[in-house]
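Analysis of the macromolecular model
The lines below spell out each chain.
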Amino acid sequence: MKRLSLLIAILFSCCLFLLDASIVDAKIVFCMYGDIYVMEDNGTNRRRLTQNTETDDYEPRWSPDGERIAFTRQMDRKRHDSQDLFIINVDGTNEQRLTDYRGYDNSPSWSPDGTRLAFNSTRSGTWQVHVMDLATLHVTQLTGLDGVEGDAAASPDWSPDGAQIVYEKFTEFGRNLYVMSADGENPRPLLPEPKADDGIERFFPRWSADGKKIVFTNCTWPDPDADLPRCRLNILKVGNRVSVVWGIYNKLGNNVTVGNGAVIAGGWMHNDKSLILEIRLPDTPNPNYDMYRYDLKTETLKRLTDGEQNEVYPHWIEGALPVAPKDKKKILWGTVKKDSPNLF
C-alpha cells in the first residue's frame, strides 16, 4: 500500500510538472513606459522590474542562464545625452551599473557563457562594437581599429557557439551585415556590399539558437525621391541565401514601411520555430508598438500585447526561470533542448 501511495504521488507530481512546465519554462522581457517588464509566453503574469522617474530603460537581454537581464539606461530622459549599461536580477533585485561614460553605451549582447557583453559605444569617437569582461569590467574595442574615417559599427549579436559576432557596418552607400571572430579578427560581409543608388540598409541582426540563421530587417528606397524606405523582415541562412518572411506581410499588408508602420524582430523563440516581433500598425486608432509571435511553419501571427503604450524590445528565453514574484519562494523548472527543424 505504501509503495502504491508513493507511486501515485510521483505520478501526480510528474503530471503537475508537465502541465506547469509548458506554461512557465519560457519568458519574455520587454520595455514599457521606459521600464523593464517580464511576462509569460502568452502575455500573462506581467511583472515590472524597474521603476524610473528621471531615466528610461530599454534594450533588455536575458543572460544565458536566465538569472540576470542586461539593459541600456537613458540617464536623463529629457536631455538624451548619456546612455549606460546595467544588469539586474530576474526578480528585480541587485541592480548594478556597468558603465559610467558621458556618451553612449547601448545594445548589450551576452556571450553564451555569460562572462562578457558585446555592446555599442561612442567612446572611440564614432559608433563601434566593444566587449566587456563582466568579472573585471574591462572594455576592449573590436571594430573601427583600422582608422578608416566614417566607418561605424553597431547592433552586435553573439553567435550561439561564442565564436563569432554579427553586427551592422555603415558602408559608403548604406548599411550591411558583417560577421567577425569574437576577438574582432577577420571581419567580413555576410551579403554583397550596397552600391551607389542601391539605398540598402540592413540592420538589427539576431542569430538563431542553432547558429544557422540570422533574422534581420532589410530596407530599400524604391526611388531616390521616396520619402520612406520599404522594409522587409528577412532570414539569412548562413552560407546560403536570404528569404523574406512573406507570411507576415500577407497578413499585415505589403505597405508596412518605416514611418507609417514597422515590423522589427526581437529575436527567435521555441527552438527557432517562431519569431518574437514588435509591430506598429498604422491603420489602428492611436497606433503604437505591440508584441507578436510569428510561427514560421504555419505562418500564423499571434498578438501578445494590446496596450495603449509602446511595448517594445522583446527578448525571449527558454530555460529554468523563477516564476514566483520576488517576495515569494522561487520555483525552478528545467527544459530539454531539441534540435531545430530546417525551415528552408
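Looking now at unusual backbone geometry. Although it is not a glycine, Ser155 sits at a positive phi angle of roughly 55°. Inspection of the secondary structure puts Ser155 in strand β12 (residues 152-158). The backbone of Asn186 sits at a positive phi, close to 55°, despite the residue not being glycine. Looking at where Asn186 falls in the secondary structure, it is placed in the loop between β14 (174-181) and β15 (188-189). Take Asn186: its relative accessible area is 46%, and that puts it in the partly exposed class.

What follows covers the sheet that holds strand β9 (residues 116-121). Taken in spatial order, the 4 strands of this open sheet run β8-β9-β10-β11, and their pairing is antiparallel. Across the chains shown, the open sheet's two edge strands, defined by having one partner strand only, are β8 (105-110) and β11 (138-141). Neighbour to neighbour, the strand axes of the sheet diverge by 30° on average, direction disregarded. Relative to strand β10 (residues 128-133), β9 runs antiparallel, the two being bridged by 6 bridges. Its bridge partner lying in β10, Asn120 is registered against Val129.

If you trace the 4 strands from one edge of the open sheet to the other, you get β4-β5-β6-β7, paired in antiparallel fashion. The outermost strands of the open sheet, each flanked by one partner alone, are β4 (56-62) and β7 (96-97). With 7 bridges joining them, strand β5 (residues 68-74) and strand β6 (residues 83-89) adopt antiparallel strand pairing. Across the sheet, residue Arg73 finds its bridge partner in β6, namely Asp84.

What follows concerns the environment of Thr93. Its place among the elements puts Thr93 in the loop between β6 and β7. With relative accessibility at 33%, the residue Thr93 sits in the partly exposed group. For the pair formed by Thr93 and Arg68, sequence separation is 25 residues and the distance between their alpha carbons is 9.6 Å.

Residue position: Glu59 is located in strand β4. Here Thr72 takes part through its side chain, which lies 2.7 Å from a polar atom of the side chain of Glu59. Within the structure, Glu59 has its side chain in polar contact with the backbone nitrogen of Ser107 (distance 2.8 Å). With sequence-adjacent residues up to four places away left out, Glu59 is seen in contact with Cys31, Ala70, Phe71, Thr72, Asn106, Ser107, Pro108 and Tyr313.

How each quantity is defined
Residues numbered from 1 in each chain as written. Predicted model: local features only at pLDDT ≥ 70, side-chain atom pairs only at ≥ 80, totals over all residues. Heavy atoms only, no water. Helix = DSSP H or I, 4+ residues; strand = E, 2+ residues; numbered from the N terminus. Buried < 20%, exposed > 50% of the residue type's maximum accessible area, 1.4 Å probe, protein only. Pairing = 2+ DSSP bridges. Axes fitted to C-alpha atoms, helices over the stretch in contact; angles between N-to-C directions. Polar contact = N/O pair within 3.5 Å; in protein donor to acceptor, adjacent residues only side chain to side chain. Contact = heavy atoms within 4.5 Å.

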